[in-house]
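Each chain is listed here by its residues.
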2 protein chains.
Amino acid sequence: MFIILVYDVNEKRVNKVLKTCRKYLNWVQNSVLEGEISDANFKKLKSEISRIINKDEDSVIIYILRTTKYSDREIIGLEKGGESLFV
Amino acid sequence: MFIILVYDVNEKRVNKVLKTCRKYLNWVQNSVLEGEISDANFKKLKSEISRIINKDEDSVIIYILRTTKYSDREIIGLEKGGESLFV
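Residues numbered from 1 in each chain as written. Chains lettered and ligands numbered in written order. Predicted model: local features only at pLDDT ≥ 70, side-chain atom pairs only at ≥ 80, totals over all residues. Heavy atoms only, no water.

How do you make sense of the overall build of chain A when you look at a structure like this?
Each helix and strand in chain A was counted, giving 2 helices and 5 strands. Overall, chain A shows an N-to-C arrangement of helices and strands of β-α-β-β-α-β-β. Expected size for 87 residues packed as a compact globule is a radius of gyration near 12 Å; at 13 Å, chain A falls within 12% of this value. Considering only C-alpha atoms, chain A reaches an extent of 35 × 30 × 20 Å along its principal axes. Counting only residues that meet the buried cut, chain A has 49% of its 87 residues in that class. (Helix = DSSP H or I, 4+ residues; strand = E, 2+ residues; numbered from the N terminus. Rg over C-alpha atoms; globule rule 2.2 N^0.38 Å. Buried < 20%, exposed > 50% of the residue type's maximum accessible area, 1.4 Å probe, protein only.)

Here's what the structure looks like:
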């Protein structure tokens with residue numbers, strides 16, 4: 001599956017969240033990562049994030065695309081991250 | 001179509017970008033909006049954004065889902081935006 005992860009977390013925890021996510025996903029923009037991920041790694045990623053964030057204060061949204069066949073990605077302006085595996 | 005829009009723009013332009021996006025989409029998290037949008041409105045949104053941002057400095061990524069049938073959305077922690085139309 002392909003996932004898009006966006007996070008809005010307290011500054012104290014941002015580096016840890018980013019470091020964790022980068023183990024599994026590609027950084028594409030401030031607070032946004034994306035990439036193909038296996039079910040097993042997806043479970044690991046979610047449990048690692050759950051241990052880092054403060055659930056009353058921080059927010060992590062994960063969009064899960066079981067296929068990218070019906071989706072596209074457009075950029076206006078700068079492409080900050082590396083080449084996306086999306087297309 | 002359903003779109004997820006994430007932006008990373010210079011502070012001077014953030015309010016204008018947010019105000020423009022909110023005309024068409026739902027705010028769900030810092031720098032992230034989502035929602036159903038028609039082709040016509042999608043064109044209008046992109047041209048309005050193009051007029052606001054500095055393309056050498058700012059980055060707007062739009063994920064386009066022609067159907068949400070093959071996708072899901074999970075939240076870890078706080079749900080900051082309103083109820084999503086996603087599911």
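Still more to cover.
Please explain the interface of chain B and chain A as it appears in this structure.
With 39 residues of chain B at the interface, the matching set in chain A holds 39 residues. Of the roughly 3,600 Å² buried between chain B and chain A on both sides combined, carbon and sulfur atoms contribute 53%. The interface formed by chain B and chain A includes 6 salt bridges. One salt bridge in this structure joins Glu74(A) and Lys46(B), with 2.7 Å as the shortest N-O distance. Where chain B touches chain A, the interface holds 30 residue pairs in polar contact (both at pLDDT 80 or more). Among the secondary structure elements, those contributing two or more residues to the side of chain B that touches chain A are strand S1 (2-8), strand S2 (26-29), strand S3 (32-36), helix H2 (39-52), strand S4 (59-65) and strand S5 (71-77) of chain B. Taken together, the residues of the side of chain B that touches chain A sort by class into 19 nonpolar, 7 polar and 13 charged. Bridge count for strand S5 (residues 71-77) of chain A against S4(B) is 7 bridges, and the pairing is antiparallel. Note that in S4(B) the partner of Ile76(A) across the bridge is Val60(B). (Contact = heavy atoms within 4.5 Å. Buried area = accessible area lost by both parts, 1.4 Å probe. Salt bridge = Lys/Arg side-chain N within 4 Å of Asp/Glu carboxyl O. Polar contact = N/O pair within 3.5 Å; in protein donor to acceptor, adjacent residues only side chain to side chain. Nonpolar A, V, L, I, M, F, W, Y, C, P; charged D, E, K, R; others polar. Pairing = 2+ DSSP bridges.)

Honestly, helix H1 (residues 11-22) of chain B in this entry has me stumped. Any pointers?
Given 3.6 residues to a turn, an α-helix orients residues that are three or four positions apart in the same direction. Residues and elements named next belong to chain B. Compared with an ideal rise of 1.5 Å per residue, which puts 12 residues at 16 Å, H1 spans 17 Å between its outermost C-alpha atoms and is within 8% of the ideal. Restricting attention to buried positions, one finds in H1 the residues Arg13, Val17, Leu18, Thr20 and Cys21. Down the axis of H1, the buried set is contained in an arc of 165°. They therefore lie on one face. Pointing more than 90 degrees away from the buried face of H1 are the exposed residues Asn15, Lys16, Lys19 and Arg22. In this structure, the buried side of H1 is in contact with S1, S2, S3 and H2. Measuring from the backbone nitrogen of Lys12 back to the side-chain oxygen at the start of H1 gives 2.8 Å, which picks out Asn10 as the cap. (Expected span 1.5 Å × (residues − 1). Arc of directions from axis to C-beta.)

Got a minute to help me understand the packing of aromatic side chains in this structure?
Working definition: an aromatic ring pair is given by the centre-to-centre distance plus the angle between the planes. Enumeration over the complete set of coordinates arrives at 1 aromatic pair over all chains. Taking the centre distance of 4.7 Å and the plane angle of 10° together, the rings of Tyr70(A) and Tyr70(B) count as stacked. Here Tyr70(B) lies in the loop between S4 and S5 and Tyr70(A) lies in the loop between strand S4 (59-65) and S5, a pairing that spans two chains. In this structure Tyr70(A) comes out as partly exposed when scored by relative accessible area, which is 29%. (Phe/Tyr/Trp six-rings, centres within 6.5 Å; stacked < 30°, edge-to-face > 60°.)

I would appreciate a short explanation of the relation of the copies chain B and chain A in the present structure.
The second copy of the chain is related to the first by a rotation about an axis and a shift along the axis. Taken as rigid bodies, chain B and chain A are interconverted by a rotation of 180° and an axial shift of 0.0 Å, the fit giving an RMSD of 0.0 Å. When the rotation and shift are considered jointly, the pair of chain copies conforms to a two-fold rotation axis. Mapped onto chain A, 100% of the interface residues of chain B again fall at the interface, so both copies present the same surface. (Least-squares fit on C-alpha atoms with pLDDT ≥ 70 in both.)

Whenever I open this one, the sheet that holds S1(B) confuses me. Can you help?
In a beta sheet, neighbouring strands pair by backbone hydrogen bonds and run either parallel or antiparallel. Taken in spatial order, the 5 strands of this open sheet run S5(A)-S4(B)-S1(B)-S3(B)-S2(B), and their pairing is antiparallel. Both edges of this open sheet fall to S5 of chain A together with S2 of chain B, since each of them pairs with a single strand only. Adjacent strand axes in the sheet meet at a mean angle of 25° when their direction is disregarded. Bridging between S1(B) and S4(B) involves 7 bridges; their strand directions are antiparallel. Of the residues in S4(B), the one forming a bridge with Asp8(B) is Ser59(B). Seen against the sheet, H1(B) touches S1, S2 and S3 of chain B and runs at an angle of roughly 175° to S1(B). Seen against the sheet, H2(B) touches S5 of chain A together with S1 and S4 of chain B and runs at an angle of roughly 25° to S5(A). (Axes fitted to C-alpha atoms, helices over the stretch in contact; angles between N-to-C directions.)

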